[in-house]
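If you want the building blocks of each chain, they are given just below.
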Amino acid sequence: MPRTRPNLLERQRRRLVVPFLLPALLLYALFMLYPAFTTFYVALTEWNGVSAPEWVGVDNFTRLTDDSLFSSTITNTIVFTVLGALVLFPGAMFFGYVTQRLPLGRLYRFLILAPVALSVTTAALLWKFLADPNFGAVQKVLRAVGLDSLASVELLGRPNTAMLMVVLATVWHGIGLWMMFFAAAAERVPAELKEAATLDGASSFQVFRHVVWPLMWEVTRTLLILWMIQGLQTFAFIIAMTNGGPLRATEVIGTYLYKVAFASSEFGYAAAIAVVLFAAILVLTLLSQRLTRRESEQY
Amino acid sequence: MTTPTATPPAVVSAVPPAPAPPRRRPPFRGGRLLTHLALASYCLTSVSAFVWCAMVSLKTNPEFFSSSPWSLPEDPQWGNYADAWNGAQISRFFLNSLYVTVASVGVSLLFAVMAAYVLARVDFPGRSLVRLIFLSGLMMPAFLVIVPLYFLLNNLGLLGSLHGLVLVYIATQIPFSIYLLSSFFQSLPKELEEAACMDGASPTRTFFSVVLPQVSPAIASVALLNTLSIWNEFFFALVFLSDPEQQTIPVGILGLSVNAQYSANWVQLFAGLVITMIPMLVLFAFAQERIARGVSVGALKG
């Protein structure tokens, strides 16, 4: 009798497979898998959404290589991602490591995390209006601290400063979560190791540099790739703050794709951009998986 | 004898209040002060953005342009909030967001829990393939599906409707939810299920009354994360919802900001912004740790 028990359970459970899997699988297949696969077909056609798609082979992709606008959106996307990483990573790392041990750490953490609760458009609009030359508060502050030349600049109206403002708003919005990623990573470092180093007279910076950082680097690598994947898809802050302007200085892959599809109705061309974007994300994802696998082998 | 440290070593023992044993910790305490200074100034800047927004929302339009951005409103205009809620249709956006979030998070969670359970517990042919199919959704960007999805919804007559958006949201949440939940199911002991089976409970009953209660903390975490991401979802909502009557908060508020440039009714817009901030800030205040932990588990494993 005891022998048949697991079998009975197993047999009973097998009857669940179809009814339990089917709802999730059906919706997922219809609204994600099917459109995802169809994009690869659409990318090989010319299609305005009204008449039937016309097969053009790889024309859309060769057109992409000649499209100077597309290459400038790639450059802008890279600039966004790199600038963002330069601001985000040191900041998040510092906040994550430091707030762990400070007496007011939890309060700081809440305040740093709070913007995450805002919707992307709310956060973007907040910064757009803060930087507005007519009534923005940033200009007033800049004047007050004597940076008059900077205060007269239309921060979102100038190509060089617009991207920086978008980056700052994006980082401000998301830095709390990245702080938590780093805090979680820092917690993985054995406490005895840190104590031993402190007893040996290491300053807290030295502890970080020589004990925590080597162990955290593995996680940081993975997080960098995660940021790159997000950076490639940046969209909402650009749409809400600059809509790609001024002079297309903040046009990124996502906003370009959106306009090609839903403003110009060139759906085949938009699908081709989506395929290229997906390929880049796929490469980054595989890279991060390889890194994580190696990491788990080491520990 | 000025200070205890200045006494020669020979008489140290004679000094009654012996100085604390020399701790070998770095004497430089300025580091900590600097840390506090850096954190406090960042937080202050961050909070002042909120404060500015709240103060503008209580001014009048002329006052907004004439007064200093950091001045207090002369006579708080609480009417701006009623104006934004009713006149600017924030209430409509709010209800739309609420419906979309509750419906899609609820349904997708139910389906994902069921699928994750089967995938984690039952050994059936093709299991690893099905798992792979679901996990592949984790790296599909919204941009990859947007064009065909737009026409699919159009053909189904669901373009521009909240129901269509709910269906899309259910589908997009499924891969991540299954991914997180199946690891919880795998860590669960099997004895209770076996006991329930011995007692003659049907597998469905076992699932709902024995298994689900055990994973409810995990379900709560996933529900929170999904709520946060759906409440704030922007891209699909922007593409699929063109009628202001049907828009969710992230898209609706963007439309309001465009209108404000013509109507110059800025205070109403800012009151609207404040209203949209509140629910998630409250949720965050209560569930901050849980959300943050859930997100970092997801990110660091993925």
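Residues numbered from 1 in each chain as written. Chains lettered and ligands numbered in written order. Predicted model: local features only at pLDDT ≥ 70, side-chain atom pairs only at ≥ 80, totals over all residues. Heavy atoms only, no water.

A word on the overall build of chain A
A tally of regular secondary structure across chain A gives 14 helices and 2 strands. In terms of overall dimensions, chain A is more spread out than a globule: its C-alpha atoms have a radius of gyration of 25 Å, far above the 19 Å expected for 299 residues. With the principal axes as the frame, chain A shows a C-alpha extent of 85 × 70 × 30 Å. Taken across its 299 residues, chain A has 55% of its residues classed as buried. Summing over all exposed atoms, chain A offers an accessible surface of approximately 13800 Å²; the carbon and sulfur share of this is 63%. Between the averaged position of the 23 positive side-chain charges in chain A and that of its 18 negative side-chain charges there is a distance of 12 Å. (Helix = DSSP H or I, 4+ residues; strand = E, 2+ residues; numbered from the N terminus. Rg over C-alpha atoms; globule rule 2.2 N^0.38 Å. Buried < 20%, exposed > 50% of the residue type's maximum accessible area, 1.4 Å probe, protein only. Areas by Shrake-Rupley, 256 points an atom, 1.4 Å probe, with all protein chains shown as cover. Lys, Arg positive; Asp, Glu negative; His and termini not counted. Charge placed at Lys NZ, Arg CZ, Asp CG, Glu CD.)

Regarding the interface of chain B and chain A
Taken together, the 94 residues of chain B in the interface contact 98 residues of chain A. Buried surface at the junction of chain B and chain A, summed over both partners, amounts to about 8900 Å²; 80% is from carbon and sulfur atoms. If you look at where chain B meets chain A, you find 0 salt bridges. Summed over the shared surface of chain B and chain A, the number is 8 residue pairs in polar contact (both at pLDDT 80 or more). Counting residues per element, the side of chain B that touches chain A draws most heavily on helix H12 (residues 266–301) of chain B, at 17 residues. For the side of chain B that touches chain A, the residue count by class is 74 nonpolar, 13 polar and 7 charged. (Contact = heavy atoms within 4.5 Å. Buried area = accessible area lost by both parts, 1.4 Å probe. Salt bridge = Lys/Arg side-chain N within 4 Å of Asp/Glu carboxyl O. Polar contact = N/O pair within 3.5 Å; in protein donor to acceptor, adjacent residues only side chain to side chain. Nonpolar A, V, L, I, M, F, W, Y, C, P; charged D, E, K, R; others polar.)

Considering the UniProt feature "transmembrane region" (unreviewed entry) in chain B
Residue and element names in this part refer to chain B. Under the local residue numbering, the UniProt record ascribes the feature "transmembrane region" (unreviewed entry) to residues 33–58, 98–120, 132–153, 165–185, 206–231 and 266–286. Helix makes up 92% of residues 33–58 and strand 0%, and the two end C-alpha atoms of the span are 36 Å apart. Split by type, residues 165–185 is 100% helix and 0% strand. Its first and last C-alpha atoms lie 29 Å apart. (UniProt positions renumbered as here; feature names shortened; annotations may be inferred.)

Some points on unusual backbone geometry
Residues and elements named next belong to chain A. Even without being glycine, Asn243 reaches a positive phi, approximately 55°. Inspection of the secondary structure assignment puts Asn243 in the loop between helix H12 (236–241) and helix H13 (253–262). Judged by relative accessible area, Asn243 falls into the partly exposed class, the value being 43%. Residues other than glycine seldom take positive phi values, yet Arg248 does so here, at roughly 60°. Of the residues examined, Arg248 reaches a relative accessible area of 38% and is grouped as partly exposed.

As for a nonpolar patch on the surface
Residue and element names in this part refer to chain A. Taken together, Ile74, Ile78, Val82, Leu86, Val87, Leu164 and Leu168 make up a surface patch of nonpolar side chains, about 550 Å² in accessible area. When contributions to the nonpolar patch are tallied by element, the ones reaching two or more residues are helix H4 (68–98) and helix H9 (159–187). Of note, Val87 is situated in helix H4. On the accessibility criterion, Val87 (32% relative accessible area) is partly exposed. (Patch = residues over 30% accessible without salt bridge, like charges linked within 9 Å, V, L, I, M, F, W, Y side chains within 5 Å.)

A word on the pattern of salt bridges
Any two side chains of opposite charge can pair, given that their charged atoms come close. Counted under the stated rule, the structure contains 7 salt bridges over all chains. The partner of Glu251(A) in a salt bridge is Lys259(A), with the nearest N and O atoms 3.0 Å apart. The class for Lys259(A) is buried, based on a relative accessible area of 18%. Among the ionic pairs, Glu193(B) bridges to Arg121(B), the shortest N-O distance being 2.8 Å. Within this pair, whereas Glu193(B) is found in helix H8 (residues 191–198), its partner Arg121(B) is found in helix H4 (residues 90–121), the two being separated by 72 residues in sequence. The pair formed by Glu193(B) and Arg121(B) is uniform in burial state, with each residue classed as buried. A cluster of three or more residues bridged by salt bridges with shared partners is formed by Arg248(A), Glu251(A) and Lys259(A).

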